[in-house]
Amino acid sequence: MPEKLLPFTKNQLVEIIEKYPTPFHIYDEKAIRENAREFKNAFSWNEGFKEFFAVKAAPNPYLMKILHNEGFGADCSSMAELILAEKTGITGNEIMFTSNDTPADEFLKAKELQAIINLDDISHIAYLEKYAGLPALICFRYNPGRLKKGNVIIGHPEEAKYGFTHKQLIEGYKICRDKGIKRFGIHTMVASNELDAGYFVETAEILFNLIVELSHKLDIRFEFVNLGGGVGIPYRPEQERIDLPAMSRGIKEKYEKIIVANGLGPIKLYTECGRYITGPYGYLVARVLHIKNTYKRFAGLDACMANLMRPALYGAYHHITVMGKEKKQHDIIYDVTGSLCENNDKFAIDRVLPELQRGDIVVIHDAGAHGYAMGFNYNGKLRSAELLLRENGEVIPIRRPETVDDYLATLDLAGLPSFQV
Ligand SMILES: *Cc1c(COP(=O)(O)O)cnc(C)c1O
């Protein structure tokens, strides 16, 4: 089986661990930058192409700043994410606010930052107008329903809670047009972790055709089309990366055939990927705490699903490298677990690994998106540190680990003695 590469050696990692105890997440700046450039270049045929990094995938302002430096904006969907963007120095039309079931104060904040507002529902037009006022530029999220087959994580579009129906889209743009709005965008996102380039070409085609229909029917002009996120990464070593050039070429062909041919260009192409941008370039580093042999063989780590819940949540595969044992015979089957009192707290089930010992350093791959970000405090588990491996090889902390005091911070322990029971 092909082994996955790492940006550090065992000796380097041992040194890092001396300073920053496990578990921690570590991100590879060089690889993130190179990937960001490659992504941007792939779509350079489209003037105005922009990737809005989905903040929820890795909500750390240091990573956001690196990506902003590479020309990316931020895709936000909550108050905290909007504030993270603001603190990072990302404002105005570099923020895409794609949320759903949105509270009024978040619309207000998005409006204050002059973010591009992408509405999830037709009823939000009046809601936005009432609480924040309508912006000069508006975007709607389209749900293609049965036009498009879904995938495992996001489900079938017609079952999904997101977006406008086709009919609502026509009505929605009409309402906004009649209220004097002149600038429009359109968005959809129907895939998650999709590795088939053709899927995105098909999605683009649906949106482009919709733009033709809406432009003609309503006599409005679209400035941008946002293809959403959902571009997948090869979690398994035998999987291939998505064919980005083919995806870009396919979209360009449709763009020319549909948008340009109908005299509707230029339209800016936007994406809001998270996983593809940082996923492969973040690692969860942990150590083996206990080996246990019962009906199965268990390797218990000092990390748990509070640090990376994708395996427990979706049965997702995350590749595991045991540092220094890469070349050893992989001939023992382990369940690799955490310490949470939940039996699904497993990073891997029946994984063939080299023989493990207490203290072994274990690297869990592809944790750079939807990894730390999904962390939680169940069972009193604390979120780990986040570290950044700089391009010059230096390692800096970009988030300290939580302490028990952080866990207790929302409790009024001083008031406890006077609480009568
Ligand atoms: C989650 C999400 C993204 C990013 O998804 P990835 O799979 O990380 O690319 C983008 N846009 C919206 C609206 C999302 O909910």
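Residues numbered from 1 in each chain as written. Predicted model: local features only at pLDDT ≥ 70, side-chain atom pairs only at ≥ 80, totals over all residues. Heavy atoms only, no water.

1. Brief notes about the overall build of the protein
- Summing up its helical and strand segments, the protein has 12 helices and 17 strands in all.
- Oriented by its inertia axes, the alpha-carbon framework of the protein measures out at about 70 × 65 × 45 Å.
- Here the protein holds 421 residues, and the buried ones make up 55% of them.
- Here the protein displays about 19,500 Å² of accessible surface, and carbon together with sulfur accounts for 51% of that area.
- If you average the places of the 51 positive and of the 55 negative side-chain charges in the protein, the two averages end up 1 Å apart. (Helix = DSSP H or I, 4+ residues; strand = E, 2+ residues; numbered from the N terminus. Buried < 20%, exposed > 50% of the residue type's maximum accessible area, 1.4 Å probe, protein only. Areas by Shrake-Rupley, 256 points an atom, 1.4 Å probe, with all protein chains shown as cover. Lys, Arg positive; Asp, Glu negative; His and termini not counted. Charge placed at Lys NZ, Arg CZ, Asp CG, Glu CD.)

2. Quick notes on the site of the ligand
- For the ligand, the set of nearby residues contains 13 residues, the closest of which are Lys56, Gly230, Glu272, Arg275 and His370.
- One nitrogen or oxygen atom from the side chain of Asp75 is found 3.4 Å from a nitrogen atom belonging to the ligand.
- At 2.8 Å from an oxygen atom of the ligand is found a main-chain nitrogen or oxygen belonging to Gly230.
- By residue class, the composition of the shell around the ligand is 3 nonpolar, 5 polar and 5 charged. (Near = heavy atom within 4 Å. Polar contact = N/O pair within 3.5 Å; in protein donor to acceptor, adjacent residues only side chain to side chain. Nonpolar A, V, L, I, M, F, W, Y, C, P; charged D, E, K, R; others polar.)

3. Describing the domain arrangement of the protein
- With domains assigned, the protein is organised as domain 1 (29–279) and domain 2 (281–408).
- Taking the mean C-alpha position of each, domain 1 and domain 2 sit 32 Å from one another.
- Every contact between the two is made by 27 residues of domain 1 and, on the other side, 21 residues of domain 2.
- Carbon and sulfur atoms supply 57% of the area that domain 1 and domain 2 bury against each other, a total of about 2,100 Å² over both sides.
- Together, Glu29, Tyr235 and Gly279 form the three largest contributors to the area buried by domain 1 at its contact with domain 2, with a combined 29%. (Domains from an automatic or database assignment. Contact = heavy atoms within 4.5 Å. Buried area = accessible area lost by both parts, 1.4 Å probe.)

4. Regarding the environment of Lys10
- Relative to the helices and strands, Lys10 is located in helix α1 (residues 10–19).
- Sequence-wise, Lys10 and Glu38 are 28 residues apart; in three dimensions their C-alpha atoms are separated by 28 Å.
- Not counting chain neighbours up to four residues away, the residues in contact with Lys10 comprise Met323 and Gly324.

5. Points about the nonpolar core
- Residues Tyr173 and Ile186 are the most contacted members of the largest nonpolar core, which totals 85 residues.
- The biggest single contributor to this core is helix α8 (residues 197–218), with 13 residues.
- Both of domain 1 (29–279) and domain 2 (281–408) provide at least three residues apiece to this core.
- Ile186 has contacts with Cys139, Phe140, Leu169, Tyr173, Leu207, Leu210, Ile211, Leu214, Phe222, Phe224, Val225 and Asn226, leaving out every residue within four places of it along the chain.
- The next biggest cluster of nonpolar side chains, apart from the first, holds 19 residues, and it includes Ala299, Leu301, Ala348 and Ile364. (Core = buried A, V, L, I, M, F, W, Y, C linked by side-chain atoms within 4.5 Å.)

6. Here's the deal with unusual backbone geometry
- Backbone torsion omega between Thr22 and Pro23 reads -5 degrees, so that peptide bond is classified as cis.
- Tracing the backbone shows Pro23 in the loop between α1 and β1 (24–28).
- Of note, the bond from Gly265 into Pro266 is cis; its omega dihedral lies within 30 degrees of zero at -5 degrees.
- Inspection of the secondary structure assignment puts Pro266 in the loop between α9 (244–260) and β9 (268–271).
- Positive phi outside glycine occurs at Gln114, with the angle close to 60 degrees.
- Inspection of the secondary structure assignment puts Gln114 in the loop between α5 (104–112) and β5 (116–119).
- Residue Gln114 is classed as exposed on the basis of its relative accessible area of 62%.
- Notably, Asp219 is not glycine yet its phi reads approximately 55 degrees, a positive angle.
- Mapped onto the secondary structure, Asp219 falls in the loop between α8 and β8 (222–226).

7. Points about the packing of helix α3 (residues 61–69) against helix α4 (residues 79–88)
- Between α3 and α4, the shortest axis-to-axis distance is 9 Å and the interhelical angle comes to 60 degrees. Overall, the two elements α3 and α4 adopt an arrangement that is oblique. Here α3 runs over α4; the crossing is right-handed. Of the residues in α4, those touching α3 at Pro61, Met64 and Lys65 are Leu84, Ala85 and Thr88.
- Taken together, the residues of the contact of α3 with α4 break down into 4 nonpolar, 1 polar and 1 charged. (Axes fitted to C-alpha atoms, helices over the stretch in contact; angles between N-to-C directions. Parallel < 35°, antiparallel > 145°, perpendicular 65-115°, else oblique. Left-handed = near helix turned anticlockwise from the far one by under 90°.)

8. Side note on the sheet that holds strand β3 (residues 73–76)
- Pairing in this closed barrel of 8 strands is parallel, and the strands run β2-β3-β4-β5-β6-β7-β8-β9 around the ring. The average angle at which neighbouring strand axes cross in this sheet is 25 degrees, direction not considered.
- The pairing of β3 with strand β4 (residues 95–98) spans 3 bridges and is parallel. If you follow Cys76 over to β4, its bridge partner there is Phe97. (Pairing = 2+ DSSP bridges.)

9. Considering the pairing of strand β6 (residues 137–142)
- The buried fraction of β6 amounts to 6 of the 6 residues, a majority that puts the element mostly inside the structure.
- Here β6 shows a buried face lined by Leu137, Cys139 and Arg141 and a second buried face lined by Ile138, Phe140 and Tyr142.
- Assessed by its sense of winding, the connection that carries the chain from β5 through helix α6 (residues 123–131) to β6 is right-handed.
- For β6 and strand β7 (residues 183–188), the ladder comprises 6 bridges, and the chain directions are parallel. Along β7, the bridge assignment pairs Tyr142 with Thr188. (Right-handed = clockwise from strand over helix to strand, strands pointing away.)

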